[in-house]
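Chain by chain, the residues run as shown.
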Amino acid sequence: MKRVFLATAILLFMVGCLEKENLLDVDTDLGLGTGAGNLPVVAGVVPANAQQLIDDDPETPGVQATVIVNFPDYMDEVSLEGNVWVMNTTTGEDVTNLAITYNPDAKKLYVRHMDWSENNAYLLILVSGGVKNRWGSPIDGNGNGKDDGCPYDDALSTFYTAGSAPDSCVWIVPPIVTGVTPDTIRTADTLPPIVVVFDAGMDTTTLVSDNFSLVSETGSSIQLDRSGMTPNSVTFIPRSVLRFGNRYFLTITSSNVKADAPRNTPSYLLGLDADFDGTEADEPDFQSYFLCDTVSAPTVAVTDVGDGLQFDFDQRMDPVTLVLENIRAFDETGYVPGTLVISNNNTRVEYYFSRPTQGTFTAFVSKQAKSRYGMMLDGQATPNGIGGEPWDDFWWP
Ligand SMILES: [Ca+2]
Ligand SMILES: [Ca+2]
Ligand SMILES: [Ca+2]
Ligand SMILES: [Ca+2]
């Protein structure tokens, strides 16, 4: 008895801690501009990223112009002081003698210089951790709804002056992977070329096999040999044949695979953004997988036949797995108990209802339903040839 009480007390204490921790979390589910619970972002900059900053005083020699930053949120004016920088990325030097003002009602920041150098590109930086909204929430420069800290959440924008060009501007986002082949599919090729495509030009000295690993589900590592490369893609061939019936996991070491960005691009933006949510201190490695096999995973289709539902599989199934636990029907009032009749060489299941039904039906087939070769169901909306994945429970309609 005493023991049970103690366990309960410990559990309550733990729940208390968890709740406390949650209170400190910033609620990112709130809409923009709702104040305290919301991480502020930059709504837009004039000139827009990689656009020209136009001289607004043609009478005076040189470029006189103002960069305007729009916020959707009310910002803490004091927090902007000392946390707004412009770097001349052509020279690598910070720009001095900026006149920086904030209009709280307009929610606009003005960054003016009376003599911007021509033929140069610039990077505007609102320092994360420093710049906050009126409620003290830090700026979310990479716009992922999380406070990633400095420098990952710096709000960045570039521009250039007459004589320079958009492609002289540095990058303000990290590179990402836009495609992997084969990716989350089944292949019967035991020496499949593995192609990784990036959204931007990469430093090809980092596209080496040391930074790309292929490991089977049993843990054995397969050496990759580079067979081709373009500025934004790389192709590897496995040195030894892959084995049927195995999943293979491709891992790219995010921090080692780098962009070939213009000089003075912030170095933290060069590594791969593996999870597509901007850069962060603990960027995970990129991972994808595929199945090497000649045997396809079963798929299923459902038909409403009036007095019941009919489930048709595209191949012969293991009848032991075609049970009510794995195949269910629902109407508007909930679960409809029934009887299953297996027919057509174990490719069809007829589901007869044990009670009157109401309204439209929903059907479910668990990914635990297996083919006669033991392949689990590939039940996702567009089957990818691999069964038993977390999203492979089938729902109809
Ligand atoms: Ca001028
Ligand atoms: Ca963020
Ligand atoms: Ca990331
Ligand atoms: Ca699947």
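These figures come from a predicted structure and were not determined experimentally. (Residues numbered from 1 in each chain as written. Chains lettered and ligands numbered in written order. Predicted model: local features only at pLDDT ≥ 70, side-chain atom pairs only at ≥ 80, totals over all residues.)

## Quick look at the overall build of the protein chain
Counting its secondary structure elements, the protein chain contains 2 helices and 26 strands. For a compact globule of 397 residues, the expected C-alpha radius of gyration is about 21 Å, and the protein chain comes in at 29 Å, more than 25% above that figure. Counting only C-alpha atoms and orienting by the principal axes, one finds that the protein chain spans roughly 90 × 60 × 55 Å. The long-range fraction of contacts in the protein chain, counting pairs at least 24 apart against all pairs at least 6 apart in sequence, stands at 66%. (Helix = DSSP H or I, 4+ residues; strand = E, 2+ residues; numbered from the N terminus. Rg over C-alpha atoms; globule rule 2.2 N^0.38 Å. Contact = placed C-beta atoms within 7 Å.)

## Quick word on the domain arrangement of the protein chain
Considered domain by domain, the protein chain is made up of domain 1 (44–168), domain 2 (177–292) and domain 3 (300–396). Counting residues at the interface gives 11 residues for domain 1 and 9 residues for domain 2. Residue composition of the side of domain 1 that touches domain 2, by class: 3 nonpolar, 7 polar and 1 charged. (Domains from an automatic or database assignment. Nonpolar A, V, L, I, M, F, W, Y, C, P; charged D, E, K, R; others polar.)

## Digging into the sheet that holds strand β4 (residues 84–88)
Taking strand neighbours across the sheet as the criterion, the 5 strands line up as β2-β9-β8-β4-β5 in an open arrangement whose pairing is mixed. The open sheet is flanked by β2 (51–52) and β5 (93–94), the only strands paired with a single partner. (Pairing = 2+ DSSP bridges.)

## Thoughts on the pairing of strand β19 (residues 300–304)
Here β19 runs beside strand β20 (residues 308–313); their pairing, made up of 5 bridges, is antiparallel. Its bridge partner being in β20, A301 is matched across the sheet by D312. Hairpin geometry of β19 and β20 is characterised by an intervening segment of 3 residues between the two adjacent antiparallel strands and by a positive phi of about 90° at G306.

## Considering the environment of W85
Structurally, W85 can be placed in strand β4. W85 gets classed as partly exposed once you count the C-beta atoms within 10 Å, which come to 16. Along the backbone, W85 and K367 are 282 residues apart, and their C-alpha atoms lie at a distance of 54 Å. The residues contacting W85, other than those within four sequence positions of it, are D94, I125 and V127. (Buried ≥ 20, exposed ≤ 12 C-beta atoms within 10 Å, placed from the backbone.)

## Notes on the sheet that holds strand β12 (residues 194–198)
Spatially, 4 strands are ordered β10-β12-β16-β15 in an open sheet, and the strand pairing comes out antiparallel. The open sheet has two edge strands, β10 (177–181) and β15 (224–230), and neither has a second partner. Strand-to-strand, the axes of this sheet are offset by a mean angle of 15°, without reference to chain direction. Examined bridge by bridge, β12 and strand β16 (residues 233–238) share 4 bridges and lie antiparallel to one another. Residue pairing across strands places V195 opposite T235, the latter belonging to β16. (Axes fitted to C-alpha atoms, helices over the stretch in contact; angles between N-to-C directions.)

## Let's talk about the environment of T230
Examined against the element boundaries, T230 turns out to sit in strand β15. Once the C-alpha coordinates of T230 and G201 are considered, the two residues, 29 residues apart in sequence, prove to be 8.6 Å apart.

## A word on the nonpolar core
Of all hydrophobic cores here, the largest spans 82 residues; its most connected members are Y122, L123, L124, L126, F311 and V365. Considering each element in turn, this core owes the most residues, 6 residues, to strand β8 (residues 121–126). If we skip the residues at most four places from it in the chain, L126 touches V42, N83, V84, V131, I139, G141, D154 and A155. (Core = buried A, V, L, I, M, F, W, Y, C linked by C-beta atoms within 7 Å.)

## Regarding the pairing of strand β3 (residues 63–70)
Only one face of β3 is buried: it carries V63, A65, V67 and V69, and the other face, with Q64, T66, I68 and N70, is open. For strand β1 (residues 44–46) and β3, the ladder comprises 3 bridges, and the chain directions are antiparallel. Each bridged residue has a counterpart across the sheet, and for G44 the counterpart in β3 is N70. Pairing of β3 with strand β7 (residues 108–116) involves 7 bridges; the strand directions are antiparallel. Paired with T66 across the two strands is R112, which belongs to β7.

## Some remarks on the environment of D392
By the secondary structure assignment, D392 is in the loop between β25 (362–365) and β26 (394–396). D392 sits 15 residues away from L377 along the chain, and the two C-alpha atoms are 6.6 Å apart. Ignoring any residue separated from it by four or fewer positions in sequence, one finds D392 in contact with K367, M376, L377, D378, G379, Q380 and G387.

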